[in-house]
Amino acid sequence: MLIADDLDRLLEILPNFIKKPLQKHNSRKYLIEVVMDLGRRPEARFPHGPEYISNAIISWNDLDFCIKKMGHFSGDNRSGIESTLHRISCIKNRDGNTIGLTFRVGRAIFGTISMIRDLLQTGNSILLLGKPGIGKTTAIREIARILADEMEKRVVIIDTSNEIAGDGDIPHPAIGRARRMQVARPELQHQVMIEAIENHMPEVIIIDEIGTELEALAARTIAERGVQLVGTAHGNYLESLIKNPILSDLIGGIQSVTLGDDEAKRRGSQKSILERKTLPAFQIAIEIHERNNWIVHERIDKIVDQVLQGSLLYTQRRMTNNDGSISILCENSYSTEFIVHHTKDNSSSNIKFKGNRILKSNNYLNMNNGISDISIKFSNHINNMNLKKSLNVYKKKNLNKNDQFIQLYSYGINIPQIESIINTLNFSIILTRDIMKADVILALRNYIKYNSKIRQIAKSKKIVIYTIHSNTINNLTRSLKQILHLYKIFYIDWYQICLNKTTEQINVLLEARFAIEKLVLKEKQSVELLPQISSFRKLQYDLINLYKLKVSSFGEEYCCSLRIYPI
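As recorded in an unreviewed UniProt entry, the protein goes by the name AAA+ ATPase domain-containing protein, listed as coming from Dasysiphonia japonica.

In this section: the overall build of the protein. For the protein, the count of helices and strands is 18 helices and 32 strands. Here the protein holds 567 residues, and the buried ones make up 51% of them. Long-range pairs, those at least 24 residues apart, make up 62% of the contacts in the protein with a sequence separation of at least 6. Of the roughly 27,900 Å² of accessible surface on the protein, a fraction of 49% belongs to carbon and sulfur atoms.

In this structure, Ile-158, Ile-205, Leu-250 and Phe-282 are the most contacted members of the largest nonpolar core, which totals 34 residues. For this core, the secondary-structure elements that each account for two or more residues are β9 (126-130), β10 (155-159), α6 (189-199), β12 (204-207), α7 (213-224), β13 (228-234), α8 (238-242) and α10 (300-309). Excluding its chain neighbours within four sequence positions, the residues that come into contact with Phe-282 are Ser-125, Ile-126, Leu-127, Ile-210, Leu-229, Val-230, Gly-231, Leu-250 and Ile-300. The next biggest cluster of nonpolar side chains, apart from the first, holds 32 residues, and it includes Ile-113, Met-115, Leu-120 and Ala-148.

This brings us to the sheet that holds strand β7 (residues 98-104). An order of β4-β3-β2-β7-β6-β5 is seen for the six strands of this open sheet, with the pairing classed as antiparallel. Two strands lie at the open edges of the sheet, namely β4 (49-52) and β5 (78-80), each paired on one side alone. Between one strand axis and the next, the sheet turns through 25° on average, direction left out of account. Direction of pairing for strand β3 (residues 43-46) relative to β4: antiparallel, over a ladder of four bridges. Bridged to Phe-46 within β4 is Gly-49. Of the strands in this sheet, β2 (33-37) and β7 are in contact with helix α3 (residues 60-68), which crosses β7 at around 50°.

What follows is about the packing of α6 against α7. In the contact formed by α6 and α7, the axes pass within 8 Å of each other and the chain directions differ by 10°. Judged on the interaxial angle alone, α7 and α6 are roughly parallel. Viewed along their axes, α6 and α7 form a crossing whose handedness is left-handed. Taken together, the residues of α7 that come into contact with α6 (itself represented by Gln-189, His-190, Met-193, Ile-194 and Ile-197) are Leu-214, Glu-215, Ala-218, Ala-219, Thr-221 and Ile-222. Considered class by class, the residues forming the contact of α6 with α7 number seven nonpolar, three polar and one charged.

Moving on, we get to the packing of aromatic side chains. A complete count under the given rule lists one aromatic pair for this structure. The interplanar angle of 75° and the centroid separation of 6.4 Å between the aromatic rings of Tyr-411 and Tyr-447 together place this pair among those described as edge-to-face. A residue pair is termed long-range when its members are at least 10 positions apart, and Tyr-411 in strand β26 (residues 406-411) and Tyr-447 in helix α13 (residues 445-448) qualify at 36 residues. Relative accessible area serves as the criterion here: at 4%, Tyr-411 is assigned to the buried category. Sitting over the face of the ring of Tyr-52, Arg-41 holds its NZ or CZ atom 4.0 Å from the ring centroid.

The rules behind these values
Residues numbered from 1 in each chain as written. Predicted model: local features only at pLDDT ≥ 70, side-chain atom pairs only at ≥ 80, totals over all residues. Heavy atoms only, no water. Helix = DSSP H or I, 4+ residues; strand = E, 2+ residues; numbered from the N terminus. Buried < 20%, exposed > 50% of the residue type's maximum accessible area, 1.4 Å probe, protein only. Contact = heavy atoms within 4.5 Å. Areas by Shrake-Rupley, 256 points an atom, 1.4 Å probe, with all protein chains shown as cover. Core = buried A, V, L, I, M, F, W, Y, C linked by side-chain atoms within 4.5 Å. Pairing = 2+ DSSP bridges. Axes fitted to C-alpha atoms, helices over the stretch in contact; angles between N-to-C directions. Parallel < 35°, antiparallel > 145°, perpendicular 65-115°, else oblique. Left-handed = near helix turned anticlockwise from the far one by under 90°. Nonpolar A, V, L, I, M, F, W, Y, C, P; charged D, E, K, R; others polar. Phe/Tyr/Trp six-rings, centres within 6.5 Å; stacked < 30°, edge-to-face > 60°. Lys NZ or Arg CZ within 6 Å of the ring centre and 35° of its normal.

Here's what the structure looks like:
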């Protein structure tokens, strides 16, 4: 990871009693900002906390000394240093005189977005969320360079405060070939956004700090014209954006809807509910909680719907490790489901299904927030240290069950109550809103007997219907246990199975596991695995026996493979 900060250019503006201590400071390369307030001691802020860097008191002359060395302040009380990324902000009194200055260090950090590079290649619009100072602007600056230079797209940056491409008329080299449009006044940002799309024919538009209703409306207009958007907004979580009446239009908008009696019974909810109004302007949302720890929502529309319905959320957590590799944790609100490791290069094997055979390919990672459609990329170069860390995480999270789930469709029963029981008792059940995807139906007897449509669908799809007299906790718990017993859910101690295994052995086991859980158990299809040597076939054979499935071997010894049969 390469860092360019031009820190000396910023220190030249400061008085000597501030500049010299900072030049000799051990944590100089981690400096975040310098604060000068009238009548106080100067303060330097670092990731570990603030420090006073001099005993001298800031006077009017010190503030004037700095102001004369920089450009004028714009309407948002910001200024900068030409050809650098540093930002200088002022605090003024009632008379308009400057009584405080904040010198924020701007750094171009190359390689910061390697963990989401696959998302950029999809062409979907991306919204970055995070608190101030967490690195959103640094990230979109690097995104602009990658899109313009490496992916060769026409990129236009709407740079309201000259923070992305630096101060002055010549943009900073950190944005690559991307073009930059400056904004005369912050309140005109939405007009410049529309001007960019009308005059300069961009393929990608990058916007920093979408904060007003007009800017959100302009972003929607740009998205409807088929242009990729990359923007930032303040807010730690996607849920906070949903509750924000000004910016909620970015993720589709929220409206109140009144349901009919039958629909309210089917959902087990009140008649008046909140729903998403329309398609979101951004398809992907990224929550930046730490500089190397991001949460990715690849389908904003589905996530917003799940939040409004009070359903369980499945998210991706992407992290950059100390050795440069990337870990992807797919997790829900209660536990981690699985872990994927990437290396610095892209050489890896992707386990993939085709028909009744398992094939290997080198496709890019494609991980969705849903459970039923997951393609996971396993690295051929996982080192022992990363492997040990992965298994330790499994052990800490108590992930001793497999990824097999029953899709349950509920009718006339309170959904949050069912979810509470499932999560409390750790049942392998997922609630679905689509009856066509359901494995089993659970309904109140008085409701289901008057709904012939559901009974007809269940009969045609051969879906078992469980009925209860009342939706008490005891009745629901008893029925869910009976459903699990019927479907013979197996609990596999995956940590113990993978313990002391090599990377090749784990890949072989994963191949068998995905074949069993995705095809044999779920689709009731027989599967022939890839040919393996005898020691690897023995591992697969032992794993298949844990699921109590039939298995046979085919082919000559040097290219023998196993075939798994459904019960």
